[in-house]
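Architecture and fold: a report
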Number of protein chains: 2
Amino acid sequence: MNSKKLIENSCEACHIDAPLVTDQEIIELKPQIPAWEIIDVNNIKRLRCSFAFNAYLEGLNFVSKVAAMAESEDHHPEIILEWGKVTVSWWSHKIKGLHKNDFIAAAKTDSIYSD
Amino acid sequence: MNSKKLIENSCEACHIDAPLVTDQEIIELKPQIPAWEIIDVNNIKRLRCSFAFNAYLEGLNFVSKVAAMAESEDHHPEIILEWGKVTVSWWSHKIKGLHKNDFIAAAKTDSIYSD
């Protein structure tokens with residue numbers, strides 16, 4: 001596994017036979033995205049995190065930035081915009097679970113929020 | 001009930017003691033928003049509709065327009081942006097169900113998609 005920080009990576013093309021992250025890799029990568037939880041939806045693991053906003057249009061602005069990043073990485077999350085918060089979920093549809101790409105994209109999402 | 005078309009109305013301030021739409025009102029209003037389904041989430045009715053997009057950033061553009069409308073109406077839906085589609089749900093949090101505002105907002109959402 002590439003030992004660079006997640007935020008310094010780009011998502012690589014994910015093929016249908018790409019490997020899911022192993023439990024050991026999750027242990028190594030998860031501390032870099034501490035606010036994210038790993039959830040299970042229909043037996044498919046996802047990374048999910050909610051981000052708070054005092055103003056609705058600030059939330060929308062965050063959605064736009066995350067979506068632009070997603071498009072540039074060619075990896076697209078579920079983004080839920082509501083009053084007061086935005087919830088982002090990353091997973092890899094093709095392999096029905098978590099790929100390292102998802103951890104990279106989660107770290108980049110955190111970075112957008114921090115800015 | 002105001003007999004104007006939904007699209008010609010604006011959302012009115014919704015108070016905690018505002019009335020839920022009656023079954024009769026639903027029968028009258030629903031034909032104006034035929035693509036929307038009425039779903040039940042934790043015993044709270046919502047109007048929900050998914051809109052298809054061939055390009056991710058077109059979906060994002062639709063999210064931005066619906067969010068701008070929501071802000072101007074001071075009534076905020078749940079908007080889910082994914083690759084290929086955007087799903088919008090309208091309900092009235094304060095009264096835990098559907099108010100006429102939600103039908104008005106759904107009609108305006110359809111109008112944004114049609115444009």
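Residues numbered from 1 in each chain as written. Chains lettered and ligands numbered in written order. Predicted model: local features only at pLDDT ≥ 70, side-chain atom pairs only at ≥ 80, totals over all residues. Heavy atoms only, no water.

Time to look at the packing of aromatic side chains. Residue and element names in this part refer to chain A. This model, assessed by the stated rule, comprises 12 aromatic pairs over all chains. Relative to tyrosine 113, the ring of phenylalanine 51 has its centre 4.9 Å away and its plane inclined at 55 degrees; by these criteria the two rings are tilted. Of the two residues, phenylalanine 51 is situated in strand E2 (residues 44–52) and tyrosine 113 in helix H3 (residues 100–114); the sequence distance between them amounts to 62 residues. Of the residues examined, tyrosine 113 reaches a relative accessible area of 37% and is grouped as partly exposed. Here the aromatic rings of phenylalanine 53 and tyrosine 113 are separated by 5.4 Å at their centres, their planes lie at 90 degrees, and the arrangement is edge-to-face. (Phe/Tyr/Trp six-rings, centres within 6.5 Å; stacked < 30°, edge-to-face > 60°. Helix = DSSP H or I, 4+ residues; strand = E, 2+ residues; numbered from the N terminus. Buried < 20%, exposed > 50% of the residue type's maximum accessible area, 1.4 Å probe, protein only.)

This part covers the relation of the copies chain B and chain A. If you rotate chain B by 180 degrees and push it 0.0 Å along the axis, it lands on chain A with an RMSD of 0.0 Å. Taken together, these values place the two copies in the relation of a two-fold axis. No C-alpha of chain B approaches the rotation axis more nearly than that of isoleucine 80 of chain B, which lies at 2.2 Å. A symmetric contact is evident, with 100% of the interface residues of chain B recurring at the interface of chain A. (Least-squares fit on C-alpha atoms with pLDDT ≥ 70 in both. Contact = heavy atoms within 4.5 Å.)

What follows is about the packing of helix H2 (residues 56–73) of chain B against helix H3 (residues 100–114) of chain B. Residue and element names in this part refer to chain B. Contact pair H2 / H3: the axes reach a minimum separation of 10 Å and the direction vectors enclose 145 degrees. Helix-helix and strand crossings are classified by hand; for H2 and H3 the assignment is right-handed. Packed against H2, whose contacting residues are Phe62, Lys65, Val66, Met69 and Glu73, the element H3 presents Ala105, Lys108, Thr109, Ile112 and Tyr113 at the interface. In terms of residue class, the contact of H2 with H3 is built from six nonpolar, one polar and three charged. (Axes fitted to C-alpha atoms, helices over the stretch in contact; angles between N-to-C directions. Left-handed = near helix turned anticlockwise from the far one by under 90°. Nonpolar A, V, L, I, M, F, W, Y, C, P; charged D, E, K, R; others polar.)

In this complex, chain B contributes 16 residues to the contact, which on the side of chain A involves 16 residues. Between chain B and chain A, a total of about 1400 Å² is buried, with carbon and sulfur atoms accounting for 67% of that surface. Our count for the contact surface shared by chain B and chain A stands at zero salt bridges. For the pair chain B and chain A, the number of links is two residue pairs in polar contact (both at pLDDT 80 or more). Elements with a minimum of two residues in the side of chain B that touches chain A: H2 and strand E3 (78–82) of chain B. Taken together, the residues of the side of chain B that touches chain A break down into 11 nonpolar, two polar and three charged. Bridge analysis of strand E3 (residues 78–82) of chain A against E3 of chain B gives three bridges, and the strand direction is antiparallel. Pairing of leucine 81 of chain A across the sheet is with isoleucine 79 of chain B, part of E3 of chain B. (Buried area = accessible area lost by both parts, 1.4 Å probe. Salt bridge = Lys/Arg side-chain N within 4 Å of Asp/Glu carboxyl O. Polar contact = N/O pair within 3.5 Å; in protein donor to acceptor, adjacent residues only side chain to side chain. Pairing = 2+ DSSP bridges.)

With that settled, the discussion passes to the packing of helix H2 (residues 56–73) of chain A against H2 of chain B. Between H2 of chain A and H2 of chain B, the least distance of the axes is 11 Å, while the angle of their chain directions is 180 degrees. With respect to each other, H2 of chain A and H2 of chain B are oriented roughly antiparallel. In this structure, H2 of chain A contributes Tyr56, Leu57, Leu60, Val63, Ser64, Ala67, Ala70 and Glu71 of chain A to the contact, and H2 of chain B contributes Tyr56, Leu57, Leu60, Val63, Ser64, Ala67, Ala70 and Glu71 of chain B. (Parallel < 35°, antiparallel > 145°, perpendicular 65-115°, else oblique.)

All names here are of chain A. Counted according to the given criterion, the structure contains six salt bridges over all chains. The partner of arginine 48 in a salt bridge is glutamate 37, and the shortest N-O contact between them spans 2.9 Å. A residue pair is termed long-range when its members are at least 10 positions apart, and arginine 48 in strand E2 and glutamate 37 in strand E1 (residues 37–41) qualify at 11 residues. Looking at arginine 48, the relative accessible area reads 31%, which means it is partly exposed. When its relative accessible area of 39% is taken as the criterion, glutamate 37 is described as partly exposed.

With that settled, consider the state of the cysteines. Residues and elements named next belong to chain B. Following the criterion strictly, the structure yields zero disulfides over all chains and no others. Counting only cysteine sulfurs, cysteine 11 is the nearest neighbor of cysteine 49, a cysteine outside any disulfide, at a range of 17 Å. The exposure class assigned to cysteine 49 is buried, which follows from its relative accessible area of 5%. (Disulfide = S-S within 2.5 Å.)

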